[in-house]
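# Analysis of the macromolecular model
As a plain string of letters, each chain reads:
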Amino acid sequence: MSEVLPANNFIRQIVIDDLASGKHRTISTRFPPEPNGYLHIGHAKSICLNFGLAAEFAGRCNLRFDDTNPSKEDIEYVEAIKADVRWLGFEWAELRHASDYFETFYLCAQQLIRDGHAYVCDLNAEEVRAYRGTLTEPGRNSPYRERTVEENLDLFARMRAGDFADGACTLRAKIDMASGNINLRDPAIYRVRKVSHQNTGDAWCIYPMYDYAHGLSDAIEGVTHSLCTLEFEDHRPLYDWYLARINLAAHPELTAPVLSQGLSAPVSTPRQIEFSRLNFDYTVMSKRKLLALVNDGLVAGWDDPRMPTLIGIRRRGYTAAAIREMARRVGVTKQESVIEFSVLENCVREDLDALAERRMAVIDPIRLVIDNLPEGHVETLTAANHPKDESRGQRALPFARELWIEREDFMEAPVKGFHRLVPGGEVRLRFVGIVKCVDIVRNADGSIQELRGHLDLDSRSGMPGADRKVKGTIHWVAATHAIAAEVRLYDRLFTVADPDDEHEGKTYRDYLNPDSVRIVTARLEASLARAEAEQRFQFERLGYFVADRIDHRADRPVFNRICTLRDSKK
RNA sequence: UGGGAGAUCGUCCAACGGUAGGACAACGGACUCUGACUCCGUUUAUCUAGGUUCGAAUCCUAGUCUCCCAGCCA
C-alpha cells in the first residue's frame, strides 16, 4: 500500500506556516470524543487528522474525553473509544478528561462572575428560549442579568452545594442578547444536573457546557490547533470570548487544581479551525440512528459487520491501514461532501491484495466428478500462497476425484461471453489442469445432481500441455477433504445512496437492505482449518474474507466476507 | 438587508494571475492458470452575469444555489 505521502490540505498548510513563522515551536492537537456512543468511520477522519498532524510535525496529540454531560455518558464507551483509536494505529500523548479540569472550570467561572461577565439566571429552560428571540429577531435581557457580583458568587456557590434542583437555574455568560450569532445571546456556562458522572462520581452536581469547557480544556492542555467540524464555526466567537476573558496564562492560580492532580497544564491560546465531516453514501452516520439500529435489533450490535462503526468495520475485516489511506485520499476541506463507498472499498482491496494469502472456497457447491481418475483417487498439490510474493510460500492442496465447484461456474445454456464450464466445454481447474464437462447426472425431478468431467492429463499443471489456452479458470475444493464453514456474505445495509433523505414520508428504516447479510455453509480447502480469528484471506475469485473475531473457532469456523473482488464481467 | 460557511469531472481532492491535474467510478483494450492484480487508452468539470487584465477557477461587483445556527446536547 502506498505509504503515507502526506496529502497537503488547508489545515496542514496552517500548521506549516505557523511553524515557519515561529508562531509555534511545536504543535499540539487533540481528539475530543464525548463518551456517549461508539466511534464511527466519520470519526476516523478526525482521528487521522489530529494524530497524523501531531506525528508528522513531531507534536503531541491527546485523547480527551469531552465528558461534560454525565447523563449521556458511560464508561463502556470510554473503553471502546480507547480500543478503537489504538486499533486505528494511533497512541495518545496523554489521556485526559474534560472532567479532570472541573475545579479549574469552577474557578474560572468565579472569575468571570467577579469581572462582571457572568450571572446566575433563574429562568427555566422554556423561559430562556422565549427570551432568546429567533433567528431574525433579537432576544431580551434576562431579568436576573443585573444581579450583583456578591449575589452571583453566593448563588453560584449554592448551585455547587446542591441547593437548587435540576433546571432551577444556570450560570450564564453576559454577552449580547441582540447578537446575530445566537451562540452569543448569553449562553449557559453551567447547569445543575444531580446525576453521577462516569469519571467524577458524585463530586459535582453542576456541569459545564461544551462551549465553555472545550476551549478551556484545549488551553489547559496547550493545544495549538483545535480542529473540529463545520457546525462549530459560529461557536468560534464564543470559544475565543471565553479564552480572552479568562486568560489562563495570566492567572496561574486557575490551573493549580490541574497541577495538583499531577497533570501538566502548559497553557496555550488555541486556534479553532473547522473542516467538513466525513460522510459516505449508502449508510447513516448519526449517533442517534446508529443507536436506534442497535437498540431496535435491526443489526446485531455496535460491532455488527454492517455497521459503519469502527468496531463494526473492524469485525467486517477492513484493515486500519485501509482506513488511514482512505482518510488521506478524501482530503480535508470545508466543502460538505459525501464520499462514494468505492473509495474505501478500493483502499481495502489494495491493502488486502498485497496482504492476504490466497485460498479456495466454494460458497454454493455443485459436485464435479472426474471420470478418468480412479475411484478414491487423492493427491496433494502445492499452491502458491500469494501470486505476486514468493516469500509467502506454498501450501498443500488436496485434490481428489470428487470436487465441489461453484454452481455459478456452470451454465447448461450459457449466455454469450460466459467463460466457464458448459456441457461439452473446457475450463481450467485452478492448479490442476483442463477439464471437459462430459455429462450431467440428473435427479428424478430433472435438476442437476452432479457433473461429470474428463481431465486432460497432458494439461496438468507443470506439464508442457499446461500452456494450452482455455477461456476460463475456476476454483474448486476436494469434496473428500473440504471443511464446512459458516460464511456470512455481507452487503450494504441500505438500498439507497442517501438513507437520510426523508422525502415522501420515508425514513432510513424504509431503506434497510433485506439482503444485507446472507449466511451460507461453504466448503473450504483443508488448510483453512488452521485459520485464526481476524486472519484475512482472499478466497480466489470470490473476494476477501476474515475469520470472525468473535465467533470463529477451529472446530466451528466462521468467515465474514469483507468485500468481493472487482468484477468486470458484463 | 438575522448570523456563519461553501460552490471545479458522476464522486472526492489539486491548481494560490500563466497548459484545468490526480484518485475513485464508468467505458474500451492488452495481459492473465483468479473475468482478480497489473498496464494502456477514452469520456466528463471551473454556479450565473458583468468587470479588471496580454492572460481569470484564482482578483472585483452583482446575483443564484446549498449547508449550519433559535439544547440547561456535543
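Residues numbered from 1 in each chain as written. Chains lettered and ligands numbered in written order. Predicted model: local features only at pLDDT ≥ 70, side-chain atom pairs only at ≥ 80, totals over all residues. Heavy atoms only, no water.

## Here's the deal with empty space enclosed by the protein
Keep this limit in mind: A pocket here means an open set of points on a 1 Å grid, computed over the protein atoms alone, that has protein on both sides within 12 Å along at least five of seven lines. A cavity is instead a set of points where a 1.4 Å probe fits but cannot get out; residues with an atom within 4 Å of a point line either one. Grid points are joined across faces, edges and corners, and a volume is the space filled by probe spheres set on the points. Secondary structure elements follow DSSP: runs of H or I of four or more residues count as helices, runs of E of two or more count as strands, with numbering from the N terminus. Charged means Asp, Glu, Lys or Arg here, nonpolar means Ala, Val, Leu, Ile, Met, Phe, Trp, Tyr, Cys or Pro, and polar covers whatever is left, Gly included.
Summed over the entire model, instances satisfying the criterion amount to 1 cavity of 30 Å³ or more. Taken as a whole, the largest cavity spans an internal volume of roughly 40 Å³. Considering the residues around the largest cavity, the lining is formed by Met360, Leu397, Pro398, Trp476, Val477, Ala478, His481, Ala482, Leu524, Glu525 and Ala526. Only strand 14 (394–400) and strand 20 (476–478) provide two or more residues apiece to the lining of the largest cavity. The greatest single-element share of the lining of the largest cavity, amounting to 3 residues, is contributed by strand 20. Looking at the lining of the largest cavity residue by residue, the classes come out as 9 nonpolar, 1 polar and 1 charged.

## Examining the pattern of salt bridges
To keep things clear, this is the line we draw: Any Lys or Arg side-chain nitrogen located within 4 Å of an Asp or Glu carboxyl oxygen qualifies as a salt bridge. Summary of the burial criterion: residues with accessible area below 20% of their type's maximum are buried, those above 50% are exposed, and those between are partly exposed, where the area comes from a 1.4 Å probe applied to protein chains only.
Overall, the coordinates contain 53 salt bridges when judged by the stated rule. Among the salt bridges present, the one from Glu525 reaches Arg395, with a minimum N-O distance of 2.6 Å. Placement of Glu525 in the loop between strand 22 (517–524) and strand 23 (536–539) and of Arg395 in strand 14 is noted, with a sequence separation of 130 residues between them. On the basis of relative accessibility, which here comes to 3%, the residue Glu525 falls in the buried class. Where Glu450 meets Arg452, a salt bridge forms, and the shortest distance between an N and an O atom there is 2.7 Å. You can call Arg452 partly exposed: its relative accessible area is 26%.

## Points about the protein's contact with RNA strand B
Put simply, the rule reads: To be near a molecule or strand, a residue needs just one of its heavy atoms within 4 Å of it. Polar contact criterion, stated in full: a pair of N or O atoms within 3.5 Å, where within protein one must be able to donate a hydrogen and the other to accept it, and residues adjacent in sequence count only if both atoms are side-chain atoms.
Residues in contact with RNA strand B amount to 65 residues; listed here are only the nearest, Glu336, Lys388, Ser461, Gln538 and Ser568. Counting only the atoms of RNA strand B within 4 Å of the protein, the fraction contributed by sugar and phosphate is 65%. Contact between RNA strand B and Asp353: a sugar or linking oxygen at 3.0 Å from a side-chain N or O atom of the residue. If you list the elements that add at least two residues to the surface near RNA strand B, you get helix 5 (125–132), strand 6 (188–192), helix 12 (320–330) and helix 13 (341–355). Sorting elements by how many residues they give to the surface near RNA strand B places helix 13 first, with 4 residues. Along the lines of polarity and charge, the residues of the surface near RNA strand B split into 18 nonpolar, 21 polar and 26 charged.

## Overview of the sheet that holds strand 18 (residues 448–455)
Definition in use: In this description, strands pair whenever DSSP reports at least two bridges between them.
The strand order 19-16-17-18-12-15-20 describes an open sheet built from 7 strands, whose pairing is mixed. Of all strands in the sheet, those bounded by a partner on one side alone are strand 19 (473–474) and strand 20. Note: strand 16 (residues 426–429) against strand 17 (residues 433–442), 4 bridges, orientation antiparallel. When the sheet's bridge partners are listed, Arg428 is paired in strand 17 with Ile434.

## Section: the side chain of Ser527
Convention followed: The contact rule is simple, with two residues in contact once any of their heavy atoms fall within 4.5 Å.
With respect to the helices and strands, the residue Ser527 is situated in the loop between strand 22 and strand 23. Under the relative-accessibility criterion, Ser527 is labelled buried at 7%. A distance of 2.7 Å separates a polar atom in the side chain of Ser527 from a polar atom in the side chain of Glu525. If we skip the residues at most four places from it in the chain, Ser527 touches Arg359 and Arg395.

## A short note on the packing of aromatic side chains
What counts, and what does not: Only rings of Phe, Tyr and Trp enter the pairing, Trp through its six-membered ring, and a pair is recorded when the two centres are within 6.5 Å. The plane angle decides the type: under 30 degrees is stacked, over 60 is edge-to-face, the rest tilted.
Scanning the entire structure with this criterion turns up 22 aromatic pairs. Taken together, a centroid distance of 6.5 Å and an interplanar angle of 85 degrees make the contact between Tyr77 and Trp302 edge-to-face. Of this pair, Tyr77 sits in helix 3 (residues 75–87) while Trp302 sits in the loop between helix 10 (287–295) and helix 11 (310–316), and the two are 225 residues apart along the sequence. Seen from their ring centres, Trp241 and Tyr242 are 5.5 Å apart, and the 80 degrees between their planes marks the pair as edge-to-face.

## Some thoughts on the nonpolar core
Let me state the cut-off plainly: Residue types Ala, Val, Leu, Ile, Met, Phe, Trp, Tyr and Cys, when buried and joined through side-chain atoms within 4.5 Å, form a set referred to as a nonpolar core.
Phe156, Tyr190 and Tyr212 are the most contacted members of the largest nonpolar core, which has 41 residues in total. At 7 residues, helix 4 (residues 102–114) tops the list of elements feeding residues into this core. When sequence neighbours within four positions are dropped, the list of residues in contact with Tyr212 reads Phe105, Cys108, Ala109, Leu112, Ile189, Tyr190, Tyr242 and Ile246. Counting residues in each nonpolar core, the second largest holds 39 residues, with Trp92, Leu278, Ile313 and Val348 among its members.

## Digging into unusual backbone geometry
The backbone phi angle of Glu504 is positive, close to 60 degrees, even though this residue is not glycine. Structurally, Glu504 is set in the loop between strand 21 (483–490) and strand 22. Residue Arg541 is not a glycine yet carries a positive backbone phi of 70 degrees. Within the secondary structure, Arg541 is located in the loop between strand 23 and strand 24 (543–547).

## So, the packing of helix 4 against helix 6 (residues 149–161)
Cut-off, in case you're wondering: Only the stretch in contact is used when fitting a helix axis, every axis being a line fitted to C-alpha atoms; angles between N-to-C directions are given from 0 to 180 degrees. Any angle from 65 to 115 degrees is called roughly perpendicular, while one under 35 is roughly parallel, one over 145 is roughly antiparallel, and all others are oblique. Here a crossing is called left-handed whenever its near helix is offset anticlockwise from the far helix by less than a right angle, and right-handed whenever the offset is clockwise.
At a closest axis distance of 9 Å, the pairing of helix 4 and helix 6 adopts a crossing angle of 160 degrees. In terms of orientation, helix 4 lies roughly antiparallel with respect to helix 6. Remark: the crossing between helix 4 and helix 6 carries right-handed chirality. Contacts between helix 4 and helix 6 involve Glu103, Tyr106, Ala109, Gln110, Ile113 and Arg114 from the former and Val149, Asn152, Leu153, Phe156, Ala157 and Arg160 from the latter. Among the residues making up the contact of helix 4 with helix 6, the classes are represented as 7 nonpolar, 2 polar and 3 charged.

## Comments concerning the confidence of the model for chain A
So the rule is basically this: Scored between 0 and 100, pLDDT is the confidence that the predictor attaches to each residue.
Scored by pLDDT, chain A has a mean of 96; 99% of the residues are at 70 or more. The ipTM for the predicted assembly is 0.96, set against a pTM of 0.96.

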